[in-house]
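As a plain string of letters, each chain reads:
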Amino acid sequence: MGFSQGGIISRFIVQECLSGDIGPKTRNLITVGTPHMGVETFAGCEIVELEMLFNFFDPQAMMNSATCYILNYLTHLTYFLPFMQNTLTTNNYVRQGEKLDEYYEYQMFLPFLNNEVFHPDFARYRNNIMKLNSFTMVQWDDDSVLFPRETAHFGQLSNADG
C-alpha cells in the first residue's frame, strides 16, 4: 500500500522487481492519492489571476497569487533539468499537457514507469503489473495536493490529450 508519492514508489517496486523468484511476493497493490499520471502544477495554484497579483485591498490573496505565480514559473522553467530531477523528487512527475514533447524527451522517470515511451523494460513492466491479483487506486474527492486529482486514476486534463 502506498500513499501519494509512496504509491509511485510501490508501483515502481512491483514493475521493476516482481520477476520470477526474485523480488517481493506482491499480490495486490493499493495506492491512495498517488500522482500516477503526473501533476500539472501545485495544487491551489492551478489558476493564477493576473489581477490578483495587484489586489492591494486583499494582501493575503495578493501574496498567495504571487507565491503561486513564482512557484509555477520556477517549476515550468526548471523541471526538465537533470539537476532538478535528481534533487527534487516532485520534478519527476510533473506532466504538463502543453509540453508533452519535452516531457517524453527529457523526463527521467514517469514516462518510463507508465510505459508512455518505449524502453528496454517495457514488456517486463507491463507483465509485472499484470501479475497482480488486484490494483486498487483511491482518489480523494477533495484533494488539496494533486492537480489534477484524476491523476490518481491515471486521468489527465482534457487539454493534455494531445
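What this report covers is the structure whose coordinates are included nearby. Each chain carries its own residue numbering, running from 1 in the direction its sequence is written. Totals for whole chains, interfaces and linings use every residue, but because this is a predicted model, local features are given only for residues with pLDDT of at least 70 and side-chain atom pairs only at 80 or more, for both listing and counting. Only heavy atoms go into the side-chain values, all of them from the structure, while hydrogens and water stay out.

## Quick word on the pattern of salt bridges
Logical step 1: Note on definitions: salt bridges are taken to be side-chain nitrogens of Lys or Arg within 4 Å of carboxyl oxygens of Asp or Glu. Applying the stated rule across the entire model yields 3 salt bridges.
Logical step 2: Between Glu16 and Arg124 there is a salt bridge, and its shortest N-O distance comes to 3.3 Å. Remark: Arg124 occurs in helix H6 (residues 122-130) and Glu16 occurs in helix H1 (residues 5-17); sequence separation between them is 108 residues.
Logical step 3: Using a relative accessible area of 26% as the deciding quantity, one classes Glu16 as partly exposed.
Logical step 4: Relative accessibility thresholds used throughout: buried, under 20% of the residue-type maximum; exposed, over 50%; partly exposed, between the two (1.4 Å probe, protein chains only). Arg124 sits in the partly exposed class, given a relative accessible area of 26%.
Logical step 5: Residues participating in the shared-partner salt-bridge network are Glu16, Asp121 and Arg124. Secondary structure follows DSSP: runs of H or I at least 4 residues long count as helices, runs of E at least 2 residues long count as strands, and numbering of each begins at the N terminus.

## Here we look at the packing of aromatic side chains
Logical step 1: Two rings belonging to Phe, Tyr or Trp (six-membered ring only in the last case) form a pair when the distance between their centres is within 6.5 Å. Interplanar angles under 30 degrees mark stacking, angles over 60 mark edge-to-face geometry, and anything in between is tilted. Here the structure, examined in full by the defined rule, presents 3 aromatic pairs.
Logical step 2: Note on Phe12 and Phe109: the rings are 5.8 Å apart at their centroids and 50° apart in plane angle, and the pair reads as tilted. Of this pair, Phe12 sits in helix H1 while Phe109 sits in the loop between helix H4 (100-106) and helix H5 (110-113); the two residues are 97 residues apart in sequence, bridging distant segments of the chain.

## Looking at the pairing of strand S2 (residues 28-32)
Logical step 1: Strand pairing follows a simple DSSP-based rule, namely that at least 2 bridges must link the two strands. Looking at chain direction, strand S1 (residues 2-3) and S2 are connected through 2 bridges and run parallel. Bridge pairing links Gly2 to Thr31 in S2.

## Looking at the nonpolar core
The tendency in soluble globular proteins is for nonpolar side chains to be buried as a group.
Logical step 1: Residues belong to one nonpolar core when they are buried, are Ala, Val, Leu, Ile, Met, Phe, Trp, Tyr or Cys, and are joined through side-chain atoms within 4.5 Å. If you look at the biggest cluster of nonpolar residues, it comprises 13 residues, and the most contacted ones within it are Ile8, Val39, Tyr93, Tyr103, Leu110 and Leu113.
Logical step 2: What Leu113 contacts, discounting residues up to four positions off in sequence, is Ile8, Arg11, Phe12, Gln15 and Tyr125. Two residues qualify as a contact provided that any one of their heavy atoms is within 4.5 Å of a heavy atom in the partner residue.

## Description of the side chain of Arg95
Logical step 1: Take Arg95: it is sitting in the loop between helix H3 (82-87) and H4.
Logical step 2: Polar contact is the term for a pair of N or O atoms within 3.5 Å; when the atoms are in protein, one must be able to donate a hydrogen and the other to accept it, and sequence-neighboring residues count only if both atoms are side-chain atoms. One polar contact links Arg95 to Tyr104, side chain to side chain, over a distance of 3.4 Å.

## Topic: the environment of His76
Logical step 1: By secondary structure assignment, the location of His76 is in helix H2 (residues 59-78).
Logical step 2: Accessibility expressed as a relative area gives 27% for His76, which makes it partly exposed.
Logical step 3: Separated by 35 residues in sequence, His76 and Thr41 have C-alpha atoms that sit 8.7 Å apart.
Logical step 4: The contacts of His76, once residues within four sequence positions are left out, are Gln96, Glu98 and Lys99.

## Description of H1
Logical step 1: The length a helix should cover is 1.5 Å for every residue beyond the first. For H1, with 13 residues, the first-to-last C-alpha span of 18 Å sits near the 18 Å given by 1.5 Å per residue.
Logical step 2: Looking at the packing, one finds that the buried side of H1 touches S1, S2, H5, H6 and strand S3 (134-138).

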